[in-house]
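# Overview (structure and organization)
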Amino acid sequence: MFKKLEDLSKPTLLSKTGVKELKQSFNDQYPFFKEIEDEVFPKKANIQSFKLRSEYKVEIVQVDKDYICFTKEDLVIPHLKLVHKFPDLLIKQQVDAGAIKHILSGSDVLAPGLISQGGQLNPAQKGQVVGIYGEGKENAMGIGIMTANSDDIKKDPKGHAIQLVHHLGDALWQLSFK
Amino acid sequence: MSDSDDDIFKKKKPSKKKIEQQQKQKQPQQVEQQPQQLKQELNQPQQQLNIHKNPKVVIYCKVCTFPVEFCSYSKAPQECKEWLKTSFKDLYANLYPEDLKLEQEKQAAQQQPQQEQQQQQQGQPPEKKKKKKVKVTESEMVYIKVKERNRSKFITTLTGLEKHGLDIKEAQKKISKKFGCGSSINEKGDIELQGDLSAELEEWLPKEYPTIKEDMIAIQEK
Ligand SMILES: [Zn+2]
């Protein structure tokens, strides 16, 4: 999704209501968020957002100097660095070692990679945001949206299982090192 | 003293008592809640048992920006390796055990004449272990278990620290920091570490915790 970020708009300061709404969506989607809310959004922080001109619905949120999350349609999706800090924020799905390189080059997660011996499929609903892990690796390498219920994937492990929206090395990742 | 003063006095006293009563009532409620919470926690899957509310520190590669465990997928893995070797030696040893072994072997070959090397290989245990044969009881033993997770990845399990009166959580933190490795406490209360840390732990534990003598450490490789 984040191939090029050259068309990033200028940052705008998020209003109080904007911040409130953002926290609310976090809380609605991720039960664990309330534990870390104050850590992610410190009281006096400077909270800004950017828009993408190509995908105007996607908004990237920055708290002081850290990129925290982006919004896509109704979803708020954490930046990978936030997931590295707080791995319990997202449900974890694991692909086998062979699938790692494909994820890192931007491919979606296919069902067989989760079902095979090195993979691990945890219960999740279609549309849920999940962390993507690799066999033998400790930290998340990607973030995606379930394209089917985990039960259905188990029953019929074919085709797409998770749409990849953010991964190590993509433009959003690189942005956080600039 | 007027009547009114007396009244105030009377009124105040019961109110204090009331507060105390209220507090007393509250306390038992809290106590009741605790076992429930505990039960809930026990029923939850293992994953939820060690929830990390504190931010985890991940070391990112200066060369490729990935968490260092993903460096082998970067465009310049060799450069990544060199950087890690100079910046985080313990982490490097952990992630690339094969490389380290090769290097050590090279060094050993350079330093020792071949004859000496052969003698060691023929299985004469080093002197250190011979002379210190004090009786060690099971109640003092600390076990380091190394298990292969997949190909060159290992998990080291450390058990028995509680026998030496150590706080497992504190020890876990210390070890994690010292060796730059991921760690967790499993459902049995043992410390699990990422990577094969047996040799490092064997050396470090007696130094850090003097009640643990060298003879009390057993390495169980699988
Ligand atoms: Zn690297």
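Everything discussed here concerns the structure shown above.
These lines cover the structure that appears in this document, whether it is placed above or below. Everything numeric in this text was worked out from a predicted model, so none of it was measured. (Residues numbered from 1 in each chain as written. Chains lettered and ligands numbered in written order. Predicted model: local features only at pLDDT ≥ 70, side-chain atom pairs only at ≥ 80, totals over all residues. Heavy atoms only, no water.)

### Things to note about the coordination of the zinc ion
In ideal tetrahedral geometry, four donors around a metal make angles of 109.5 degrees, whereas ideal octahedral geometry with six donors gives angles of 90 or 180 degrees. Residues and elements named next belong to chain B. For the record, the criterion: Donor criterion used throughout: N, O or S atom within 2.8 Å of the metal, extended to 3.2 Å for Na, K and Ca. Water excluded; incomplete-looking sites may result. Geometry is assigned from the angles between donors: four donors with all angles from 85 to 135 degrees make a tetrahedral site, four or six donors whose opposite pairs exceed 155 degrees while the rest stay between 65 and 115 make square planar or octahedral sites respectively, and everything else is labelled irregular. A helix here means a DSSP run of H or I that spans at least four residues, while a strand means a run of E at least two residues long, and both kinds are numbered starting from the N terminus. Under the scheme applied here, a residue whose accessible area is under 20% of the maximum for its type counts as buried, over 50% as exposed, and between as partly exposed, the area being computed with a 1.4 Å probe on protein chains only.
Taken together, C61 (SG), C64 (SG), C71 (SG) and C80 (SG) make up the full set of protein donors to the zinc ion, lying 2.2 to 2.3 Å away. One can describe the site at the zinc ion as tetrahedral: its four donor atoms subtend angles covering 104 to 113° at the metal. Look at where the donors of the zinc ion fall in the sequence and you get C-x2-C-x6-C-x8-C. Linking C61 in the loop between helix 2 (46–49) and helix 3 (77–87) with C71 in the loop between helix 2 and helix 3, this pair joins segments that are ten residues apart in sequence. Among the residues examined, C61 registers a relative accessible area of 2% and is labelled buried. Its relative accessible area of 1% is what places C71 among the buried residues.

### Section: the interface of chain B and chain A
We apply this condition: The contact criterion used is simple: two residues touch if any of their non-hydrogen atoms lie within 4.5 Å. Buried area is calculated as the accessible area (1.4 Å probe) missing from two parts once they are joined, with the contributions of both summed. What counts as a salt bridge is simple: a side-chain nitrogen of Lys or Arg found within 4 Å of a carboxyl oxygen of Asp or Glu.
Every contact between the two is made by 22 residues of chain B and, on the other side, 27 residues of chain A. A buried area of about 2200 Å², summed over both sides, lies between chain B and chain A, and 57% of it is on carbon and sulfur atoms. It is K56(B), F70(B) and Y73(B) in chain B that bury the most area against chain A; as a group they hold 26% of the surface buried on that side. Linking chain B to chain A there are one salt bridge.

### Considering helix 3 of chain B
Residues and elements named next belong to chain B. How we decide: In this context, the arc is that of the directions from the helix axis out to the C-beta atoms.
Restricting attention to buried positions, one finds in helix 3 the residues C80, K81, W83 and L84. Along helix 3, the residues classed as buried sweep out an arc of 165° about the axis, all on the same side. Residues of helix 3 that are exposed and angled more than 90 degrees away from the buried face: Q78 and T86.

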